[in-house]
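As a plain string of letters, each chain reads:
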Amino acid sequence: MNPFTDQEDQQVQHLGERELIRRIEDWLGDQSPPSPAGMGDDAAVIPPQTGQQILTKDALVYGKHFDETATAGEVGAKLLKRNLSDLAAMGAKPGQAVLACLLPPTTSFAWLHGFYEGLRSCAEAFEVDIVGGDITATFQDLAFTLTLLGNSSSRTLMRKSAHAGDTVWVSGSLGGSSLKKHLQFTPRLKEGAWLTRQSNVSSGMDLSDGLATDLLHLCPPNCSFEIDTDSIPLSDDAITLSKESGKEAIHHALTDGEDYELLFTLTPGKNPIKFIREWND
């Protein structure tokens, strides 16, 4: 769906900022709590949390992270899910979010409504409150940034805590995400929370840039990973895309990115067969 329109009465600039904010509050419904816990003041007042607070921020830019082939609702959901995937990688539970919209004057009001509908549905599903944000007019570029606060009552998984001898694992199949998964993925929050409770899991992160790149973030100093490419789980989309691109499916699994699976390491003291059985249970 095209985010822009030539019809002035259907553009966001036709509404004005104050009316647009009022509409956004309506679109978000119960996922936008009243002031002071949400919109309506200079800042939202968030009650203190026990445990560790985890903070993440991500962005979507038109032409880079989404285009006209995506529905507005898919874009809104993707923005939140990208942040949720970061929290999942650390085993954190999501809480409150603030959103900044960078909107050209010709942005379609109907498209933006659909964007917020997708965002609200995703926020409901994962119990996230949208407590505020900002709207900024741009000359041309359409972009969104979302900051998400999370909480962890147990340990958090980190990237730089793997050791020599650890084995490398991934939570699902990889590759071909550009066909649909980059929009339709499910953040691995339950899996991430489970991994933090396993003492033999030594490090973790989410797979957003592709396995070949993200592996480097987990690699301990003076070490390297040895990967058996036959053991990498290939998605059906990686196989489909390989027929279109002429590249092997393993190439897509290694380099496509935006898989949003969890990449983690396991200490050598854990029996792999037992770990798989526990994972499946």
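Computed from a predicted model, the values in this text were never measured in an experiment. (Residues numbered from 1 in each chain as written. Predicted model: local features only at pLDDT ≥ 70, side-chain atom pairs only at ≥ 80, totals over all residues. Heavy atoms only, no water.)

With that out of the way, let us pick up helix α3 (residues 72-90). For α3, which comprises 19 residues, the first-to-last C-alpha distance of 29 Å matches the rise-based estimate of 27 Å (1.5 Å per residue) to within 8%. Counting buried positions along α3 gives 15 out of 19 residues, so the element sits mostly inside the fold. Directly after α3, the chain includes Gly91, whose backbone phi takes a positive value near 75 degrees. (Helix = DSSP H or I, 4+ residues; strand = E, 2+ residues; numbered from the N terminus. Expected span 1.5 Å × (residues − 1). Buried < 20%, exposed > 50% of the residue type's maximum accessible area, 1.4 Å probe, protein only.)

Positionally, Gly29 belongs in the loop between α2 (17-28) and β1 (52-61). Residues Gly29 and Ile130 lie 101 residues apart in sequence; the distance between their C-alpha atoms is 9.8 Å.

Our focus in this paragraph is the side chain of Glu258. Turning to its location among the elements, Glu258 is positioned in the loop between α9 (249-255) and β7 (262-266). By relative accessible area, Glu258 is classed as buried at 18%. Within polar-contact distance, the side chain of Glu258 engages the side chain of Arg82 at 3.4 Å. At 2.9 Å, the side chain of Glu258 forms a polar contact with the side chain of Tyr260. Excluding residues that lie within four positions of it along the chain, Glu258 makes contacts with Lys78, Arg82, Ser177, His182, Leu207, Ser208 and Asp209. (Polar contact = N/O pair within 3.5 Å; in protein donor to acceptor, adjacent residues only side chain to side chain. Contact = heavy atoms within 4.5 Å.)

Let's shift gears to the sheet that holds β7. Two strands in a sheet stick together by hydrogen bonds in their backbones, pointing the same way (parallel) or opposite ways (antiparallel). What the three strands build is an open sheet, ordered β5-β7-β6; its pairing is antiparallel. Strand pairing shows two members of the sheet lacking a second neighbour, β5 (167-170) and β6 (201-206), which therefore form its edges. Averaged over all pairs of adjacent strands, the angle between their axes in this sheet comes to 20 degrees, without regard to strand direction. The pairing of β6 with β7 spans five bridges and is classified as antiparallel. The residue bridging Ser203 from the neighbouring strand is Thr265, located in β7. Most of the contacts of α3 go to β6, to which it runs at about 175 degrees, and overall it touches β6 and β7. (Pairing = 2+ DSSP bridges. Axes fitted to C-alpha atoms, helices over the stretch in contact; angles between N-to-C directions.)

On average, residues of the protein score 95 in pLDDT, and 100% of them are at 70 or above. Taken element by element, the predicted model of the protein shows its lowest mean pLDDT in helix α1 (residues 12-15) (90) and its highest in α3 (98). (pLDDT = per-residue confidence, 0-100.)

Turning our attention to helix α4 (residues 109-125). Across its 17 residues, α4 extends 25 Å between first and last C-alpha, which sits within 8% of the 24 Å expected from 1.5 Å per residue. For α4, every residue scored as buried is listed here: Phe109, Trp111, Leu112, Phe115, Tyr116, Gly118, Leu119, Arg120, Cys122 and Ala123. Elements that come into contact with the buried residues of α4 comprise α1, α2, α3, β2 (93-103), β3 (129-137) and β4 (143-152). Here α4 starts with a cap whose side-chain oxygen sits 3.3 Å from the backbone nitrogen of Ala110, and that cap is Ser108. Immediately downstream of α4, the backbone of Glu127 shows phi near 55 degrees, a positive value.

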